[in-house]
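Summary of the model geometry
As a plain string of letters, each chain reads:
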Amino acid sequence: MGSMIGNSRLLGALVLGALSTGAAAQARTLSADDYAKAERFLAYNTMPLVDHAVQRVHWLDDGRFWYVDHDASGDHYMLMDAASGKAAPAFDQAKLAAALGKATGKPVKADKLGVRDYSIAADGRLDVELGEKHYLCDLKAAEPGCGDKAALAKTGKEPGVLSPDKKSEAFIRDWNLWLRDVATGKETRLTTDGVENFGYATDNAGWKHTDNAILVWSPDSKQIATFQQDQRKTGDMYLVTTNVGHPKLEQWKYPLVGDKDITMIERVIIDVAAKKTLRLKMPPDQHRSTLCDDVSCGPDGGWDDVKWAPDGKTLAFVSTSRDHKHEWFRIADAKTGAVRTVFEEVVPTYYESGNGQVNWFYLPETHEAIWFSERNNWGNLYLYDLNTGKLKHAITTGEGNVTEVLKVDPKSRTLWFRGVGREQGVNPYYQQFYKVGLDGGKPTLLTPEAADHTVTLSPDGKLFVDAYSTTTTPPVTVLRSADDGHEVAQVAKADIGRLVANGWVAPVPFTVKGRDGKTDLYGVMFKPSHFDPKKKYPIVDYVYPGPQTGSVRGRSFLPSHGDNQALAELGFIVVAIDGMGTPWRSKAFHDAYFGNIIDNTLPDQVAGLKELGKRYPWIDLDRVGMWGHSGGGNATAGALFQYPDFFKVGWAESGNHDNRNYEDDWAEKWQGLLVVGKDGKSNYEDQANQNMAKNLKGHLMLVHGTMDDNVPPYQTLLVVDALIKANKNFDMLLIPNAHHGYGKDGTLYAMRRRWDYFVHNLAGNTPPPTFDFTMPKD
């Protein structure tokens with residue numbers, strides 16, 4: 001759901017229920033060596049074998065960027081000069097590894113530094129981000145060394161949001177907003193009336209709750225836009241740890257679908273120097289976003305739907321209704337708090353402002369706003385007049401979606417955006433890069449290759465690094481002009497020679513027709529590297545139904561798509577199909593099962609699998625399995641309940657089986673607000689898996705982490721209760737103290753058990769009695 005992967009603490013595993021008896025005929029017994037051969041296709045074994053696939057591109061300034069290259073000898077941090085197109089080592093990795101080792105007290109390998117980001121401080125030292133910490137490192141000293149940046153500045157432990165001038169950090173303490181001087185560590189309290197569950201800038205959406213401060217600094221670092229979040233009446237969620245002795249209770253605010261009282265925000269502007277709080281003159285707003293279900297969409301926090309004017313005198317923001325159907329574009333006066341609604345948009349299903357980024361922009365100098373809308377069934381950009389609130393004209397038109405606007409230049413009246421589906425004959429999921437004038441006209445394609453393009457723009461917007469690849473072809477990384485797309489320099493060209501020598505085979509992209517018999521669906525197939533077309537293979541469908549993403553893990557090159565290829569090595573065909581109701585295509589495609597979320601793309605999965613079975617005689621449609629995590633766990637259980645004669649085996653992890661028990665902002669966006677009819681039933685009643693559990697015929701394993709604070713484990717227990725009452729056989733695995741992601745040990749254990757489950761129950765074979773994965777410690 002909201003968060004797919006997380007770290008967790010695993011104390012063991014508790015298995016409830018007996019393993020199913022499996023197929024009557026046991027064709028063969030697999031050995032630990034068979035599993036070891038399959039393990040070779042997991043990411044921790046395949047990714048190190050891809051050479052020169054550029055990672056982590058970061059511009060230091062307009063003329064230089066650093067990146068990580070890789071070959072058989074390890075990772076190489078490189079710095080490229082854009083003017084000359086020449087690259088050289090960014091720093092002495094051996095010296096940095098030694099210095100970081102001393103600072104952390106742990107060995108750091110020069111060829112596997114793990115540096116996430118770095119910049120150059122004013123005094124020439126490297127500002128290095130390693131894990132969750134920043135270090136200042138002097139590699140030019142006689143004895144190179146690093147110091148914990150926070151400790152050096154004598155700062156507190158609370159995570160802060162750095163000001164544009166980089167002199168201050170804003171952070172939360174005791175429900176109030178504080179300021180920390182970066183140089184001296186001096187702390188100043190900015191607000192005083194924050195109280196428990198009515199605090200400033202607090203980050204809690206129920207499924208996601210952190211200590212990050214959600215705010216936006218003004219460009220001059222003198223003001224902060226944030227909110228006071230009111231969750232005093234919001235209901236609580238509870239989990240307890242598994243341990244010897246008294247369990248620890250975890251309790252936090254977690255609003256549910258249909259709750260009368262949910263979390264609201266009161267928008268404020270804080271004058272930093274005066275330490276004064278200005279409350280905007282408007283009623284409390286919903287805790288929502290135009291981009292995602294939560295008010296803050298990025299993995300590192302941030303407040304996407306708030307943008308300052310360059311002079312800091314006004315603030316633009318968008319308010320979203322509880323059901324995501326109504327948007328209001330508003331402007332606030334930063335001195336008086338007066339708020340004006342400029343224009344609004346109402347849609348019948350749900351509004352989104354893009355895919356990957358909020359795509360509206362505030363242009364006060366010309367009294368204009370750029371607005372994203374899918375009003376013509378595709379995601380396009382429109383220009384509005386801020387004085388009248390009227391539409392001036394469309395900036396982009398026609399089919400295909402603008403996904404992310406990466407830069408707007410008001411002076412040249414030009415913007416640059418990533419988009420999909422805009423080029424005839426090109427895979428509609430491939431991201432390409434364009435520029436277009438604010439006054440309209442045909443966009444200029446800057447990335448001509450029919451591939452998926454990952455773009456990193458220079459700060460001044462004149463150049464961009466473009467890494468392009470497909471599911472089957474490794475990436476080429478080049479430096480291009482943002483004016484016309486011409487190639488300035490080649491950065492790297494990936495080499496998969498070592499990967500292929502290790503037995504790797506490329507997955508097979510395919511298309512099938514959807515439930516309507518007309519719509520093209522795109523998927524990827526994984527066959528055993530020892531594939532024999534004379535054999536009949538059971539098929540496993542990996543599923544994530546969305547609606548915010550799909551089953552196919554991206555269209556760029558990946559040496560491993562989860563464990564899809566590894567599972568195929570054990571004698572299966574594995575597929576992933578993006579069904580109707582997932583993003584990137586038309587608005588109608590994405591809306592396919594709005595208000596009927598139990599659909600979960602299952603009609604498309606069944607139609608696609610049947611078409612593949614007719615197309616390929618080596619697919620055995622009498623042995624069909626499915627598995628998925630989170631929304632995929634929901635879909636998997638639903639598949640075995642709704643299509644019990646088609647799906648024979650299912651492995652359902654951490655599913656949100658009844659969205660009345662999930663957080664409000666996700667489910668109410670995709671299913672709508674809870675409405676109770678005259679018969680006393682709500683529009684969520686028929687969307688719950690437990691109400692169909694009596695239909696189970698095949699083998700179903702239910703898996704959940706007992707400390708899952710995203711999709712609480714009670715979701716799975718609702719299904720368990722219904723299965724028991726229906727006297728159905730099933731299997732269950734609870735992972736004590738694991739969250740929504742199971743952590744290293746829990747993930748590996750669940751994967752091994754999942755392989756066993758399909759080998760035994762779907763293929764009719766016997767798995768090895770035990771097997772230990774050998775994931776490297778680093």
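Everything that follows concerns the structure shown earlier in this document.
In what follows, the accompanying structure is described. Bear in mind that the values here come from a model prediction, so they are computed numbers and not experimental data. Along each chain, residue indices are assigned from 1 in the same order as the chain's sequence is written. Local features are withheld for residues below a pLDDT of 70 in this predicted model, meaning they are given only at 70 or higher, and side-chain atom pairs are given and counted only at 80 or more; totals for whole chains, interfaces and linings count all residues. As a rule here, side-chain values come from all non-hydrogen atoms in the structure, and water together with hydrogens is ignored.

**What to know about the sheet that holds strand β28 (residues 361-363)**
Strand pairs in the sheet, formed through backbone hydrogen bonds, run parallel or antiparallel to each other. Selection criterion: For two strands to be treated as a pair, DSSP must find no fewer than two bridges joining them. Helix and strand assignments come from DSSP, with helices taken as H or I runs of at least 4 residues and strands as E runs of at least 2, each series counted from the N terminus. Interaxial angle, 0 to 180 degrees, is taken between N-to-C directions of lines fitted to C-alpha atoms, where a helix line uses only the stretch in contact.
Spatial ordering of the open sheet is given by β28-β29-β30-β31, a layout of 4 strands whose pairing is antiparallel. For this open sheet the edge positions go to β28 and β31 (391-394), each flanked by a neighbour on one side alone. Taken over all neighbouring pairs, the strand axes of this sheet differ in orientation by 25 degrees on average, direction set aside. The pairing of β28 with strand β29 (residues 368-373) spans 3 bridges and is classified as antiparallel. From the neighbouring strand, Leu 363 faces β29, where its bridge partner is Glu 368.

**What to know about the packing of aromatic side chains**
Quick note on the threshold: When the centres of two rings from Phe, Tyr and Trp lie within 6.5 Å, Trp using its six-membered ring, the rings pair. Their planes under 30 degrees apart give stacked, over 60 give edge-to-face, and anything left gives tilted. Classification of residues uses two cut-offs on accessible area relative to the type maximum, computed with a 1.4 Å probe and protein chains only: under 20% is buried, over 50% is exposed, and between them is partly exposed.
Summed over all chains, the structure comprises 34 aromatic pairs. Ring geometry for Phe 91 and Tyr 118: centres 5.3 Å apart, planes at 90 degrees, overall edge-to-face. Residue Phe 91 is found in the loop between β5 (86-89) and α3 (93-104), and its partner Tyr 118 is found in strand β6 (residues 115-120); the two are separated by 27 residues along the sequence. Each member of the pair Phe 91 and Tyr 118 is classed as buried. On the numbers, 6.4 Å between centres and 25 degrees between planes, the contact of Phe 171 with Trp 178 is stacked.

**Concerning the nonpolar core**
Spelled out, the test is: Take the buried Ala, Val, Leu, Ile, Met, Phe, Trp, Tyr and Cys residues and link them wherever side-chain atoms come within 4.5 Å; each set so joined is a nonpolar core. In this description, contact between two residues means that some pair of their heavy atoms is separated by no more than 4.5 Å.
Phe 641, Phe 647 and Leu 723 are the most contacted members of the largest nonpolar core, which has 43 residues in total. For this core, the element with the most residues is helix α9 (residues 631-642), which contributes 5 residues. In this structure, Leu 723 is in contact with Phe 641, Ala 693, Leu 696, Leu 700, Leu 702, Lys 728 and Phe 730, ignoring residues within four places of it in sequence. By size, the runner-up hydrophobic cluster in this structure holds 39 residues, among which are Tyr 35, Tyr 542, Phe 758 and Phe 773.

**A closer look at the sheet that holds strand β25 (residues 314-320)**
With respect to topology, 4 strands assemble into an open sheet ordered β24-β25-β26-β27, the strand pairing being antiparallel. Unpaired on one side and paired on the other, β24 (306-308) and β27 (339-346) mark the two borders of the sheet. Adjacent strand axes in the sheet meet at a mean angle of 15 degrees, parallel and antiparallel pairs treated alike. In terms of strand pairing, β24 meets β25 through 3 bridges, oriented antiparallel. By the bridge assignment for β25, Val 306 is matched with Phe 317.

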